Amino acid sequence: MNPNIDMPSASRRRRLAAGLLAIGFLAGLPEGAVAEPARVDPARYRIVAEVEGLERPWSLAFLPDGRRLVTEAVGRLRIVGPDGALDPEPVRGLPPIYTAGQGGLMDVAVDPDFGETGRIFLSFLHGDASANNVRLVSARLGDGVLDDLRVLFTATPKSGDSNHGSRIAFLPDGTLALSLGDGFDRREEAQNPANTLGKIVRLNRDGSIPPDNPFVGQDGAAPEILTLGHRNVQGIALDPADGALLIAEHGPRGGDELNRLVPGGNYGWPLASRGLDYTFARVTPFAALPGFEAPLLEWTPSIAPSGLAIYEGALFPEWRGALLVPALVEKAVRLVRRDGQSITGQALLLAELETRIRDVRSAPDGSIQVLTDGTPGRLLRLVPPSS
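Residues numbered from 1 in each chain as written. Predicted model: local features only at pLDDT ≥ 70, side-chain atom pairs only at ≥ 80, totals over all residues. Heavy atoms only, no water.

Student: For this particular structure, what's the right way to read the sheet that holds strand β5 (residues 76-80)?
Tutor: Strands in a sheet are paired, the pairing made by backbone hydrogen bonds, and the direction either parallel or antiparallel. As summarised here, the arrangement of the three strands in space is β3-β4-β5, forming an open sheet in which the pairing is antiparallel. Of all strands in the sheet, those with a lone pairing partner are β3 (57-62) and β5, marking the two edges. Strand-to-strand twist of the sheet, defined as the mean angle between neighbouring strand axes without regard to direction, takes the value 20°. Where strand β4 (residues 68-72) lies against β5, five bridges are found, and the strand directions are antiparallel. What sits directly across from Glu72, in β5, is Arg76. (Pairing = 2+ DSSP bridges. Helix = DSSP H or I, 4+ residues; strand = E, 2+ residues; numbered from the N terminus. Axes fitted to C-alpha atoms, helices over the stretch in contact; angles between N-to-C directions.)

So this is what it looks like as C-alpha cells:
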C-alpha cells in the first residue's frame, strides 16, 4: 500500500462497503473474463491412487520420515505411510472441533524444525453456531496421538459457517502466516483493522505477536494483522525465488484472485473487485481503486481456488517454478507458468477426472500430490508416465 496516498478512514471504508452491498451493481460477464485454458495432455503424467475412501479431506502435509498427514474436515487427522497405507485409526488427542458447513478441521502444517520439536500445527473451526471462527494450535505428534497441545490464536468470533480461509505458511524469519476469511455475512469487516475478519495474520510459532508487524502500536488496529481486505483465502505459499507470500482467494461467482502480499497491504475486498455476487450483481463498481494492491491474476467466472503450491520437484522439470492452484468449481488444477513475477500462461491438470480438487502439494519425492474433495475423497500422486 502506498503511504503517500490519502486513504479514507477505516470507518468510512466500512460505511462505503456497506453502502455498496445495499445498492448492488448489475453486470454481465465482467471485464477481464478469460476463456478456459487448454488441458495438459494426460499422457504427460501417470496418476497413482494411493488412498481411497477419505471423508472430506482438506489438507495434506509431509513428515520427514516419508509419512503424510491428511486432515478430514469432519474432525479427523489421518496418517498415510510412505507405501500409501492409511492407518485405520485416526490420530488421538485432537481438541473439540466445530464441523458445521464449510468448517471443521482444516489445515495441517509440519514445523520446519520438526526433527527437534516434533510439533505440528492445525487450524480448525472453534465455537458454535452463534460464535465461531478459526483457532490455531500446535501439538507434539507422538505414536498416533497428540500431546502438549497449545492454543496459539483464535480469530474474531462470527456467526455463520462460510468463508473461513484457514491456510498456514511458515516464513523464513521463523514466524508463520495464517489466512482468515471475512465470514461471508460481514464482508465489510475485511476493511476494519480492529478485528481479524478477512485478514492474513502473522504470529511467532509460540503464538506471540512479532514486534515488527505492520499494525503494531496503531490505535484501533489488531497487532496480529499482516494484510487486510481479503474475502476467503484458501491458498498460501512462500515463493522460494524471493521469500514473498503468494495467496489464492475466492471471489463469489467471479473475481477470484492470485495476490502477492506486501506487509500492511490492503487487497480491496469488498471495495475493489471484479467479482460477481451470488445474485449476479457486481460486488462493487470499482475493479481497482488508489491505495489498494492489484492482483497478479484474476479468474472470472470463479474457479473456486482451494489451495496453492509452487512446484519445486525434479520429476516434471518443465513445470518447475509454476504455481499449482486446485479448483473446486473448475474441477482441475490450474498450472500457472511464470517468468519471474510475470504470468506467462495457464493450463489445466487433471481436468479429465472431472472431480473437485481440494488440495495440491509439491512432494519431497518430486511428485505432485492432490486431495480430491468430498466423500469419498482420494489422495492421488502424479508421476511421469515412465516411472
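Student: When you look at the packing of aromatic side chains in this model, what are you seeing that I'm missing?
Tutor: Two aromatic rings, taken as a pair, are described by how far apart their centres are and by the angle between their planes. Within this structure, the stated rule accounts for four aromatic pairs. Seen from their ring centres, Phe121 and Phe170 are 5.3 Å apart, and the 75° between their planes marks the pair as edge-to-face. Of this pair, Phe121 sits in strand β7 (residues 119-127) while Phe170 sits in strand β10 (residues 165-170), and the two are 49 residues apart along the sequence. In this structure an aromatic cluster arises from ring pairing among Tyr311, Phe316 and Trp319. (Phe/Tyr/Trp six-rings, centres within 6.5 Å; stacked < 30°, edge-to-face > 60°.)

Student: What is the right way to look at the layout of surface pockets in this model?
Tutor: The method is simple in principle: a probe with the dimensions of a water molecule rolls over the atoms, and the space it marks as empty is what remains. Looking at the largest pocket, its volume works out to about 760 Å³. As for the largest pocket, its lining consists of 24 residues, and the residues nearest its centre are Phe62, Phe170, Glu312, Arg361 and Ser362. Of all elements in the fold, only β3, β6 (105-110), β10, β14 (233-238), β19 (309-310) and β23 (357-362) reach the threshold of two or more residues within the lining of the largest pocket. A per-element tally of the lining of the largest pocket places β6 first, with four residues. Class assignment of the residues belonging to the lining of the largest pocket gives a composition of 20 nonpolar, one polar and three charged. Volume-wise, the second largest pocket comes out at about 440 Å³. Looking at the second largest pocket, it is lined by 27 residues, and the ones nearest its centre are Gln102, Gln234, His250, Leu328 and Arg356. Along the lines of polarity and charge, the residues of the lining of the second largest pocket split into ten nonpolar, eleven polar and six charged. (1 Å grid on protein atoms, 1.4 Å probe; cavity = no way out; pocket = protein on both sides within 12 Å on 5 of 7 lines; lining within 4 Å. Points joined across faces, edges and corners; volume = space filled by probe spheres on them. Nonpolar A, V, L, I, M, F, W, Y, C, P; charged D, E, K, R; others polar.)

Student: I tried to follow the pairing of strand β25 (residues 377-383) on my own but got confused; where do I start?
Tutor: Every other side chain in a regular strand lies on the same face of the sheet, so the side chains alternate between the two faces. β25 sits mainly inside the fold: five of its seven residues count as buried. Here strand β24 (residues 368-372) folds back onto β25, and the loop between the two strands holds four residues, one of which, Gly374, carries a positive phi near 85°. (Buried < 20%, exposed > 50% of the residue type's maximum accessible area, 1.4 Å probe, protein only.)

Student: Before we go on, may I ask you to explain unusual backbone geometry in this structure?
Tutor: Both trends apply: most residues other than glycine have a negative phi, and most peptide bonds are in trans. The omega angle of the peptide bond from Trp269 to Pro270 is -5°, so this bond is cis rather than trans. Structurally, the position occupied by Pro270 is in the loop between β16 (256-260) and β17 (281-282). Going from Thr300 to Pro301, the amide bond is cis rather than trans, its omega being -5°. Structurally, the position occupied by Pro301 is in the loop between β18 (297-299) and β19. Unusually for a residue other than glycine, Asp148 sits at a positive phi of about 50°. Secondary-structure assignment places Asp148 in strand β9 (residues 146-154).

Student: Explanation requested: the pairing of strand β22 (residues 342-349) in the structure shown.
Tutor: As judged from the seven bridges shared by strand β21 (residues 332-339) and β22, these two strands associate in the antiparallel manner. Bridging from a neighbouring strand, Val333 pairs with Leu349 of β22. In this structure, the hairpin formed by β21 and β22 is closed by a connection of two residues, where Gly340 is found at a positive phi of approximately 65°.

Student: How do you make sense of the pattern of salt bridges when you look at a structure like this?
Tutor: When their charged atoms lie close together, side chains carrying opposite charge are able to pair. Tallying each qualifying case throughout the model produces 29 salt bridges. Its salt-bridge partner being Arg44, residue Glu318 comes within 3.3 Å of it at the nearest N-O pair. Here the residue Glu318 occupies a position in the loop between β19 and β20 (323-327), and Arg44 occupies one in the loop between β1 (25-26) and β2 (46-54), the gap between them amounting to 274 residues. We classify Glu318 as partly exposed; its relative accessible area is 41%. (Salt bridge = Lys/Arg side-chain N within 4 Å of Asp/Glu carboxyl O.)

Student: What is the right way to look at the environment of Gly366 in this model?
Tutor: Mapping Gly366 onto the fold places it in the loop between β23 and β24. It is 29 Å that separates the C-alpha atoms of Gly366 and Arg202, two residues lying 164 residues apart in sequence.

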